[in-house]
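One letter stands for each residue in the lines below.
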Amino acid sequence: MSTVTGTTTGAGPVRLTGTAHTTLHPATEARITGGFWAARRRTNAEVSIPQGPAKLEEAGNLANLRAAADGKGTFTGDFQFQDSDVHKWLEAASWQLADNPSDTQLAADVRELTSLLAAAQEDDGYLQTFYQVKHPELRWRELGWGHELYCAGHLVQAAVAHHRATGRRELLDVAVRFAALIDSVFGPDKEIDGIDGHPEIETALVELYRETGERRWLDLASYFVDRRGHGVLNSGVDRGHDLDPGQAYWQDHVPVREARTVAGHAVRQLYLLAGATDLAAETGDPELRAAMERLWQAMVETKTYLTGGVGSRYEGEAFGDPYELPPDRAYAETCAAIASVQWSWRMALLTGEAKYSDLVERTLFNGFLSGVALDGDRWLYVNPLQVREDYDARPGDQAARRTPWFRCACCPPNVMRLLASLPHYVASGDAEGAQLHQYATGLYAAGGGTVRVETDYPWSGRISVTVEEAPADRDWTLSLRLPSWCREFAVMLPDGAAPAESGDGWVRVRHRWSAGDTVVLDLAMAPRITHPDPRTDAVRGCVAIERGPLVHCLEGVDQEAGVRLDDVTLSPAASLTADARPDLLGGVTVVTAEGRRRSDGSSVRLTAVPYHAWANREEGAMRVWIPTS
């Protein structure tokens, strides 16, 4: 098999060991070269990531590291986890360097921040500036709110990304020293038999095991996963927090293997489950795998928004009850969408089932992408599905208004790292061939072959896949995910190929391939009306507009003069028309339909834009779910 040339990316955020118990393995090479995602990644590379060091300097994150390094100065910021913003930016920058190793400025910025972290690290390996600079007497004393293991996890993930992208060990050495300290402190017969209030280190430790081959990191991850759920954190009230959030808030109310549904703080929950899935993948633990499948199904069926967003309560940034999905009070934190993508991708690799990549697609195009503006310079922390005409914006980070940065800046560098590593979520392989989970123009090597994809997805449903190389001595299977939203499709096959098999969410073409053989999958992209689950009280009697993988929304700025969104209705039988608008929002397809005013029953033309593109013009009303009467 040939090596993908040009600006390539090799191993991504998940690199399974040779003994992993998964159905699929990530692509060995992946490169997005054009189309929708290439444009968004270009903005990420040229605007979002380069501004990181200046933003971290302005917010005081880097000053904290310097204070820890030289023993002078005070801690800047409101949160114990300020360091994690630095770590996430370093991970994003590392994946970007894998794409473009000739970016000398970015490489210099990474070296500078890596050196700063190394200088700030204490002799025993400890590294968290809040407790080094402000409260050294409280190290490991505030496990509920302290985020020490959470920050360590993001450091490890950044270090693994940097090592995979550059081959350099400076950051990996820092992370391994901190991990070794944690391993010496935490355990059933050690100084602390406990867990962090914010899961994250679990998946990081599994990846450290994959990177280094040291079994102790996998064992430590297993300890943290199985220790959770035994009421370790139920005392809860730490300095600065006047209420005990309850055990479910940080998933300490029931062991992971026994849990029946997702609960508590959404990001915490999904980071934990991503780590548990990594553990199941490497150990083959059937009980843990069954728990992951059960919890994912409960989340999707009862606690996920149409956009793929999760977290329906501002209080505790938490999952709510089943079908508690209010559109106007949706929290749907951008970080939670990212965590959902990370978990579902691991589930897709573990099981080989297409439904997990269906959710990845829905979340990527909608609940995740809405979190960053089209200019790459402004962000949303929360992603509601409705903003009223006379919206009273919450103060601080949680307003449904885009902002250049946040006091709690977890989301921007998190978006950066997912976009920078996105090629690794597209394709996988197994002994029989390659699978395309997402559709993005590019070149992907997996399962012993290499394919080139050309598509204008999501605006067009036509996906052309050309086999560049495949085994010459045997049949080889090319599998294309058939999205669950698609009701009609056609497949064009190369001469001599057997009819495609479709089932279980995959279109499979098995053939003795020659270089240049092409398969074309054509997905019907007619706009459609979507009805909510009738048990979702908040949107009963409403409908939404979708086209392909995109959820659409009404924005006040697009409607006829004098039309208020709280005064319009849409018939479920309304005729929908899709129109390409290259002049709007960087080039989108809008959907129009005839609606009515509640006030007088008169007809009004409604225009719906892709949800991910909302809040990029003037401030105003928006809604996804539209009343039918």
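Counting restarts for each chain, with residues numbered from 1 along the sequence as it is written. Where totals are concerned, whole chains, interfaces and linings use all residues; where local detail is concerned, this predicted model gives features only for residues with pLDDT of at least 70, and gives and counts side-chain atom pairs only at 80 or more. Note: side-chain values were computed over all heavy atoms of the structure, leaving out hydrogens and water.

(A) Representation of the environment of Arg362 in the model. Helix and strand assignments come from DSSP, with helices taken as H or I runs of at least 4 residues and strands as E runs of at least 2, each series counted from the N terminus. Its place among the elements puts Arg362 in helix H14 (residues 354–368). Between the C-alpha atoms of Arg362 and Thr466, which are 104 residues apart in sequence, the distance is 25 Å. Two residues form a contact once any of their heavy atoms are found within 4.5 Å. When sequence neighbours within four positions are dropped, the list of residues in contact with Arg362 reads Leu306, Thr307, Gly308, Gly367, Glu546 and Val551. Within the local environment of Arg362, its side chain forms a polar contact with the backbone oxygen of Leu306, the two atoms lying 2.7 Å apart. Contacts described as polar in this section are N or O atom pairs within 3.5 Å, which, within protein, must combine one atom able to donate a hydrogen with one able to accept it, while residues neighboring in sequence count only if both atoms come from side chains.

(B) Main features of the sheet that holds strand S6 (residues 442–446). Strand pairing follows a simple DSSP-based rule, namely that at least 2 bridges must link the two strands. Strand order across the open sheet formed by 6 strands is S2-S6-S7-S8-S13-S10, with antiparallel pairing between neighbours. Across the chains shown, the open sheet's two edge strands, defined by having one partner strand only, are strand S2 (29–32) and strand S10 (489–492). Direction aside, neighbouring strands of the sheet carry axes that sit 20° apart on average. Note on definitions: angles span 0 to 180 degrees between N-to-C directions of axes, and those axes are lines fitted to C-alpha atoms, for helices only across the stretch in contact.

(C) Representation of the pairing of strand S20 (residues 603–610). In terms of burial, S20 is largely enclosed, as 6 of its 8 residues are buried. Note that strand S16 (residues 550–555) and S20 share 3 bridges and pair antiparallel. Paired with Cys553 across the bridge in S20 is Val609. Count of turn residues in the strand S19 (residues 588–597)/S20 antiparallel hairpin: 5 residues, of which Gly601 carries a positive phi of about 75°. Residue exposure (1.4 Å probe, protein chains only): buried if accessible area is under 20% of the type maximum, exposed if over 50%, otherwise partly exposed.

(D) View of the packing of helix H9 (residues 201–212) against helix H10 (residues 215–227). Their axes nearest at 7 Å, the elements H9 and H10 cross at an angle of 165°. As the angle between them shows, H9 and H10 are arranged roughly antiparallel. Every pair of crossing elements has a handedness; the one defined by H9 and H10 is left-handed. The residues of H10 that touch H9, namely those facing Ile201, Glu202, Leu205, Val206, Leu208, Tyr209 and Thr212, are Arg215, Trp217, Leu218, Leu220, Ala221, Phe224 and Val225. Gly is placed with the polar residues, together with every amino acid not listed as nonpolar (Ala, Val, Leu, Ile, Met, Phe, Trp, Tyr, Cys and Pro) or charged (Asp, Glu, Lys and Arg). When the residues that make up the contact of H9 with H10 are grouped by side-chain class, the tally is 11 nonpolar, 1 polar and 2 charged. Each angle gets one of four labels, with under 35 degrees taken as roughly parallel, over 145 as roughly antiparallel, 65 to 115 as roughly perpendicular, and the rest as oblique. Throughout, a crossing is termed right-handed when the near helix is turned clockwise from the far one, and left-handed when it is turned anticlockwise from it by less than a right angle.

(E) A look at the domain arrangement of the protein. By convention here, the domain bounds are inherited from an automatic or database domain assignment. Partitioning the protein into structural domains gives domain 1 (288–387), domain 2 (429–523) and domain 3 (527–627). Distance between the C-alpha centres of domain 1 and domain 2: 27 Å. Counting residues at the interface gives 10 residues for domain 1, matched by 12 residues for domain 2. Here the quantity called buried area is the total loss of accessible area, with a 1.4 Å probe, experienced by two parts when brought into contact, counted for both. Taking both sides of the interface into account, the surface hidden between domain 1 and domain 2 amounts to around 840 Å²; carbon and sulfur atoms contribute 52%. When the area that domain 1 buries against domain 2 is broken down by residue, the three leading residues are Ala354, Asp358 and Glu361, summing to 51%. When a carboxyl oxygen of Asp or Glu is within 4 Å of a side-chain nitrogen of Lys or Arg, the pair counts as a salt bridge. Our enumeration of links across domain 1 and domain 2 arrives at 2 salt bridges. Two residues, Arg481 and Asp358, come together in a salt bridge whose shortest N-O distance is 2.5 Å. Between the two partners, domain 1 and domain 2, sit 8 residue pairs in polar contact (both at pLDDT 80 or more). At 6 residues, H14 tops the list of elements feeding residues into the side of domain 1 that touches domain 2.

(F) Broad picture of the pairing of strand S5 (residues 433–436). Bridge count for strand S4 (residues 427–429) against S5 is 3 bridges, and the pairing is antiparallel. Of the residues in S5, the one forming a bridge with Ser428 is Gln435. Counting the residues that bridge the hairpin from S4 to S5 gives 3 residues. Judged from the 4 bridges that link them, S5 and strand S9 (residues 476–481) form a sheet pairing that is parallel. Residue pairing in the sheet places Gln435 in a bridge with Ser479 of S9.

(G) Spatial organisation of the environment of Gly52. Assignment of secondary structure puts Gly52 in helix H2 (residues 52–59). Note: C-alpha distance between Gly52 and Val86 (34 residues apart in sequence) is 8.5 Å.

(H) Highlighting helix H5 (residues 104–120). Between the first and last C-alpha of H5 there are 24 Å, a value that for 17 residues agrees with the 24 Å anticipated at 1.5 Å per step. Buried within H5 are the following residues: Leu106, Ala107, Asp109, Val110, Leu113, Thr114, Leu116, Leu117 and Ala120. Looking at the packing, one finds that the buried side of H5 touches H2, helix H3 (61–70), helix H4 (82–99), helix H6 (129–134), helix H7 (148–166) and helix H8 (170–185). Expected helix span is computed as 1.5 Å times (number of residues minus one).

(I) Quick look at the UniProt feature "domain: Non-reducing end beta-L-arabinofuranosidase-like GH127 middle" (unreviewed entry) in the protein. When the UniProt feature table is mapped to this numbering, "domain: Non-reducing end beta-L-arabinofuranosidase-like GH127 middle" (unreviewed entry) covers residues 450–525. Across residues 450–525, helical content stands at 0% and strand content at 51%; the span's end C-alpha atoms are separated by 27 Å. UniProt positions are given in the numbering used here, feature names are shortened, and annotations may be inferred rather than shown by experiment.

(J) Region of interest: the pattern of salt bridges. One pass over the structure, following the stated rule, counts 47 salt bridges. Its salt-bridge partner being Arg210, residue Asp278 comes within 3.1 Å of it at the nearest N-O pair. Here Asp278, found in helix H11 (residues 266–283), pairs with Arg210, found in helix H9; they are 68 residues apart in sequence, far enough to count as distant. Both residues of the pair, Asp278 and Arg210, count as buried. Where salt bridges share partners, they join Arg15, Arg164, Glu207, Arg210, Glu211, Asp278, Glu282 and Arg346 into one cluster.

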